[in-house]
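If you want the building blocks of each chain, they are given just below.
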Amino acid sequence: MSEKLTGVVTKSTGSWYLVRIGTDIIQCRVKGKIKLDDLKLTNPIAVGDQVIIEMEPKEDVASIVTILPRKNYIVRQSPRKKHLLHFMASNVDQVLLIVTLKNPNLKLGFIDRFLLMTEPYSIPVVIVFNKADIYNEEDMKLFNYIKTIYKNIGYQVLLCSAETKLGIDDCKNILKDKTTLVSGQSGVGKSTLINQIQPRLLIKTEEISDFSGKGQHTTTFAEMYTLDIGGQIIDSPGIKTLGFSHFDKKDVAHNFKEFFTISSECKFADCLHMNEPNCAVKKAVESGKIAEFRYQNYLAIIDEVENQNYWEIHDDV
Ligand SMILES: Nc1nc2c(ncn2[C@@H]2O[C@H](COP(=O)(O)OP(=O)(O)O)[C@@H](O)[C@H]2O)c(=O)[nH]1
Ligand SMILES: [Mg+2]
Ligand SMILES: [Zn+2]
């Protein structure tokens with residue numbers, strides 16, 4: 001008789017997994033058939049998944065036999081296989097999206113694209129502007145402008161510096177006792193910031209969890225870490241691009257939060273806020289109630305979704 005236990009996936013490479021049960025971390029594989037979602041995924045088991053595992057008495061690895069229902073998940077288009085989706089995390093309470101105005105320069109389109117991934121499940125996002133120590137007066141004006149806009153839409157915005165520790169206590173308060181996906185483009189200071197929240201957390205765990213024993217310092221797979229202050233973070237690889245071939249235009253429209261709220265006032269129920277008459281969203285853009293840059297980013301994504309759909313149809317032939 002093999003023993004069955006319930007745990008949480010802390011690392012998923014697509015071929016092997018780490019599952020935490022209490023304070024133990026157990027190496028697991030998937031054996032035989034497991035019921036997966038209909039989604040086409042590169043990594044069908046997500047960090048954050050609650051799973052049932054079966055200990056193998058004669059082997060040193062366990063088997064994942066069941067994935068328990070998810071309360072939410074965050075998927076992105078796979079950067080390599082564009083027709084597939086890639087799990088970033090599941091069962092999270094919130095996301096800490098790390099950005100910076102400088103080094104590397106911020107593209108506002110990135111924030112809006114990211115929020116498209118969290119909106120389907122209304123997952124709260126805290127947008128952290130890191131590297132505040134290198135912002136000049138003009139940058140601070142831009143920061144305050146961006147902050148007001150995203151705050152009004154319903155996102156928390158924070159100013160931080162992993163260098164001077166500005167905002168680190170605020171970050172700790174946000175993370176305490178919650179499960180948080182920490183994400184952002186490469187180079188924004190995600191590792192440095194996490195290190196300020198809990199020194200050596202990333203390195204320490206990498207040494208333990210790496211099968212090869214070599215220890216790796218670049219994040220290639222998402223991994224969940226337990227915080228001493230309570231709660232857990234999921235560290236994820238830096239994002240380079242975010243595509244949306246798995247969305248249709250309606251999905252884009254419904255997940256721009258402030259557009260969706262106002263769209264009940266559009267003449268047409270299925271309004272995409274492009275050239276339709278009596279469009280409340282376009283009116284709100286004209287009156288300044290909706291930020292022009294949000295609308296431009298929206299149009300760019302709609303355009304991209306249209307073109308990618310075209311390519312997908314032809315790929316299938
Ligand atoms: N000036 C400044 N540099 C920072 C700050 N945080 C990180 N950096 C630097 O930005 C670079 C990238 O940081 P890293 O943590 O590796 O970024 P990651 O790719 O997001 O994990 C490193 O050279 C850090 O020293 C900050 O708050 N201020
Ligand atoms: Mg890093
Ligand atoms: Zn409209």
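Look up a bit, the structure's there.
None of these values were measured; they are calculated from a predicted model.

(A) Structural context of the overall build of the protein. When helices and strands are tallied, the protein shows nine helices and 13 strands. A total of 317 residues make up the protein; the buried ones form 50% of that total. Surface exposure of the protein reaches about 16,400 Å², of which carbon and sulfur atoms provide 51%.

(B) How the structure looks around the coordination of the zinc ion (ligand 3). At the metal site, the zinc ion (ligand 3) is ligated by Cys266 (SG), Cys271 (SG), His273 (ND1) and Cys279 (SG), and these contacts range over 2.1 to 2.4 Å. Taken together, the four donor atoms coordinating the zinc ion (ligand 3) and their angles of 104 to 115° define a geometry best described as tetrahedral. For cysteine 266, a relative accessible area of 8% puts it in the buried group. Under the relative-accessibility criterion, cysteine 271 is labelled buried at 7%.

(C) A look at the site of ligand 1. Surveying the vicinity of ligand 1 reveals 14 residues, the closest of which are Asp133, Ala162, Gly187, Lys190 and Thr192. Here an oxygen atom of ligand 1 and a side-chain polar atom of lysine 131 are 2.9 Å apart. Interatomic distance of 3.3 Å between a backbone N/O atom of valine 188 and an oxygen atom of ligand 1. The fraction of the free accessible surface of ligand 1 (580 Å²) that becomes covered by protein chains is 66%.

(D) Expanded view of unusual backbone geometry. Geometrically, the link from asparagine 103 to proline 104 is a cis peptide bond, its omega value of 0° lying close to zero. Positive phi values are uncommon outside glycine, yet lysine 131 reaches one of about 70°. On the secondary structure map, lysine 131 appears in the loop between strand E9 (125-130) and helix H2 (137-153). Non-glycine residue histidine 273 carries a positive phi angle of around 60°. Looking at where histidine 273 falls in the secondary structure, it is placed in the loop between helix H7 (257-262) and helix H8 (280-287).

Definitions and limits used
- Residues numbered from 1 in each chain as written.
- Chains lettered and ligands numbered in written order.
- Predicted model: local features only at pLDDT ≥ 70, side-chain atom pairs only at ≥ 80, totals over all residues.
- Heavy atoms only, no water.
- Helix = DSSP H or I, 4+ residues; strand = E, 2+ residues; numbered from the N terminus.
- Buried < 20%, exposed > 50% of the residue type's maximum accessible area, 1.4 Å probe, protein only.
- Areas by Shrake-Rupley, 256 points an atom, 1.4 Å probe, with all protein chains shown as cover.
- Donors = N, O, S within 2.8 Å, 3.2 Å for Na, K, Ca; no water.
- Tetrahedral: all angles 85-135°; square planar, octahedral: opposite > 155°, others 65-115°.
- Near = heavy atom within 4 Å.
- Polar contact = N/O pair within 3.5 Å; in protein donor to acceptor, adjacent residues only side chain to side chain.

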